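Here are the chains, one letter per residue:
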Amino acid sequence: MNQVNPSPGAPEPGLQALLRSLRVWDTELPAFDPAATPDTPLPLFTQWFAQAVAAGQREPHTPSLATTDADGRADVRTVMLHGADEDHGWHFASHAGSAKGRQLAAHPYAALGFYWPVQARQVRLRGPVRPAPAEVAHADLHARSTGALASALVGRQSELLPSYEELERASDAAWERAQREPDAVVASWTVYELVPDEVEFFQGDARRQHIRLKYRRQEGSSSGWVKELLWP
């Protein structure tokens, strides 16, 4: 990969120059045979996820989540994957009153996008989203760190913040409560389950002969899914 290393005191290069200096996938990439893939997408996702971890991909569990608001305007942010299974799809969590929570309440359909550049791989999912039962959210939150609980106790996600000092005071109080009440209930904390209609696996190729394999849910098929190749 080309790099730009300006000398001390030199002006920063412009955006266009930086963009033209960058290269991707200047490394040996894994092989991918769509004909040898499983009948359902979750086993392949699990395999690719494990391979991304083994290859040293940083934070492979942080996909982009795309939603739409009540006016149909798109929004996107990075979230953390909390799990995945055949019955409940892919799981992430947030406050029900956050921007994403309000958007999912208005339009309970979303997309997740994983990008693992160390192996030139992407996984894209889209489908309906539903909140898990409250006891699932409670167990999820309390299986995490004290810091995660403290952050959830602060709440008010996406609301206007008058000053950073107010956040510091709220965070300090939440830390004390999280340590004092490790089983504290956070009613707004919600686990969301995205049950995909489609899951696409993208394997990049240095010659741009990318492989795109899409799983599409279809009733009546033996596995519940059909597999299709897409032009890159």
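Residues numbered from 1 in each chain as written. Predicted model: local features only at pLDDT ≥ 70, side-chain atom pairs only at ≥ 80, totals over all residues. Heavy atoms only, no water.

**What about the packing of aromatic side chains?**
At step 1: Under the defined criterion, the tally for this structure stands at 11 aromatic pairs.
At step 2: Members of the aromatic cluster, each reached through a chain of ring pairs, are Phe32, Trp48, Phe201, Tyr215 and Trp225.
At step 3: In this structure, Arg121 is placed above the aromatic ring of Trp48, and the distance from its NZ or CZ to the ring centre is 4.1 Å. (Phe/Tyr/Trp six-rings, centres within 6.5 Å; stacked < 30°, edge-to-face > 60°. Lys NZ or Arg CZ within 6 Å of the ring centre and 35° of its normal.)

**Brief notes about helix H4 (residues 134-142)**
At step 1: Regarding H4, the residues found buried are Ala137, Asp140 and Leu141. Looking straight down H4, one finds that the buried residues subtend no more than 95 degrees of arc, so they occupy a single side.
At step 2: In this structure, the buried residues of H4 make contact with strand S4 (89-95), helix H5 (146-154) and strand S7 (189-194). (Buried < 20%, exposed > 50% of the residue type's maximum accessible area, 1.4 Å probe, protein only. Helix = DSSP H or I, 4+ residues; strand = E, 2+ residues; numbered from the N terminus. Arc of directions from axis to C-beta. Contact = heavy atoms within 4.5 Å.)

**Some points on the layout of surface pockets**
At step 1: Empty space within the largest pocket amounts to approximately 370 Å³.
At step 2: Lining of the largest pocket is provided by 21 residues; of these, His95, Ser151, Ala152, Gln157 and Trp189 occupy positions nearest its centre.
At step 3: Secondary-structure elements contributing two or more residues to the lining of the largest pocket are S4, H5 and helix H6 (164-180).
At step 4: The element that contributes the greatest number of residues to the lining of the largest pocket is H5, accounting for 5 residues.
At step 5: Of the residues assigned to the lining of the largest pocket, the class counts are 11 nonpolar, 8 polar and 2 charged.
At step 6: By volume, the second largest pocket is sized at about 210 Å³.
At step 7: At the level of elements, strand S1 (64-68), strand S5 (109-116), strand S6 (121-131), strand S8 (198-203) and strand S9 (211-217) are the ones that each hand at least two residues to the lining of the second largest pocket. (1 Å grid on protein atoms, 1.4 Å probe; cavity = no way out; pocket = protein on both sides within 12 Å on 5 of 7 lines; lining within 4 Å. Points joined across faces, edges and corners; volume = space filled by probe spheres on them. Nonpolar A, V, L, I, M, F, W, Y, C, P; charged D, E, K, R; others polar.)

**Thoughts on the environment of Arg102**
At step 1: Mapped onto the elements, Arg102 comes out in helix H3 (residues 99-106).
At step 2: Of the residues examined, Arg102 reaches a relative accessible area of 48% and is grouped as partly exposed.
At step 3: C-alpha of Arg102 to C-alpha of Gly72: the two residues are 30 residues apart in sequence and 13 Å apart in space.
At step 4: Among all residues touching Arg102, those that are not within four sequence positions of it are Ala96 and Gly97.

**Here's the deal with the nonpolar core**
At step 1: The biggest cluster of nonpolar side chains holds 26 residues, and the ones touching the most others in it are Phe45, Phe114 and Val123.
At step 2: At the level of secondary structure, the elements contributing two or more residues to this core comprise helix H2 (41-54), S4, S5, S6, S7, S8 and S9.
At step 3: Among the elements that take part in this core, H2 stands out by supplying 5 residues, more than any other.
At step 4: When residues no more than four places from it in sequence are discounted, the contact partners of Phe45 are Leu81, Trp90, Phe114, Trp116, Val123 and Phe201. (Core = buried A, V, L, I, M, F, W, Y, C linked by side-chain atoms within 4.5 Å.)

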